[in-house]
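Spelled out from the first residue to the last, the chains are:
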Amino acid sequence: MTVKQPEQLQYSDRTQIRAERALCCTSFKLDLFTAMLHQSVPLPTIAEDTGVKNGYSQKPLKESDAEAQLMWLIQVGLLRREVDGQGLTDSFRLTPLGRQIVDKFQKQHKSLPKPSLLDRLKNWLSRWFG
């Protein structure tokens, strides 16, 4: 019996570019998103000194700042919030788009590419005015 692999969803170039740029412009490291490939990751393990110790962030982030960046990644389609029987939790997980992009970065770069000044500007404009 042959197990059929699910087809990979196709996203527009614009969607992928916007998502990649948003991911690279965060304060997070690829290790965070690699962990999210396998499990949901709770906000307290991402924020403050714990996030740095876990290799998830470049610098300690206040919980509210980490959550704001994660919420932006939800808006661009990279992440989703985990749900349990009680409703939304404080844990985050990759979407199919997020899985594709993280897989691509793992294979090509082994880390998130450093965004250019133009990338940062486009991300900021998209986040606050788009």
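Everything below is about the structure printed above this text.
Just so you know, these numbers come straight off a predicted model, no measurement behind them. (Residues numbered from 1 in each chain as written. Predicted model: local features only at pLDDT ≥ 70, side-chain atom pairs only at ≥ 80, totals over all residues. Heavy atoms only, no water.)

1. Section: the pattern of salt bridges
Per the stated rule, a full pass over the model turns up 5 salt bridges. One salt bridge in this structure joins Glu 20 and Lys 104, with 2.8 Å as the shortest N-O distance. Placement of the pair is Glu 20 in helix α1 (residues 13-24) and Lys 104 in helix α5 (residues 96-108), with a sequence separation of 84 residues. Overall, the relative accessible area of 31% leaves Lys 104 in the partly exposed class. Look at the salt bridges and you will find they share partners, linking Arg 80, Glu 82 and Arg 93 into a network. (Salt bridge = Lys/Arg side-chain N within 4 Å of Asp/Glu carboxyl O. Helix = DSSP H or I, 4+ residues; strand = E, 2+ residues; numbered from the N terminus. Buried < 20%, exposed > 50% of the residue type's maximum accessible area, 1.4 Å probe, protein only.)

2. Concerning the environment of Ala 35
Relative to the elements of secondary structure, Ala 35 occurs in helix α2 (residues 30-38). Take Ala 35: its relative accessible area is 14%, and that puts it in the buried class. The residues touching Ala 35, leaving out its near neighbours within four places in the chain, are Val 41 and Tyr 56. (Contact = heavy atoms within 4.5 Å.)

3. What about the sheet that holds strand β2 (residues 79-84)?
Within the open sheet, the 3 strands sit side by side as β1-β3-β2. Their pairing is antiparallel. In this open sheet, the two edge strands, each paired with only one partner strand, are β1 (41-42) and β2. (Pairing = 2+ DSSP bridges.)

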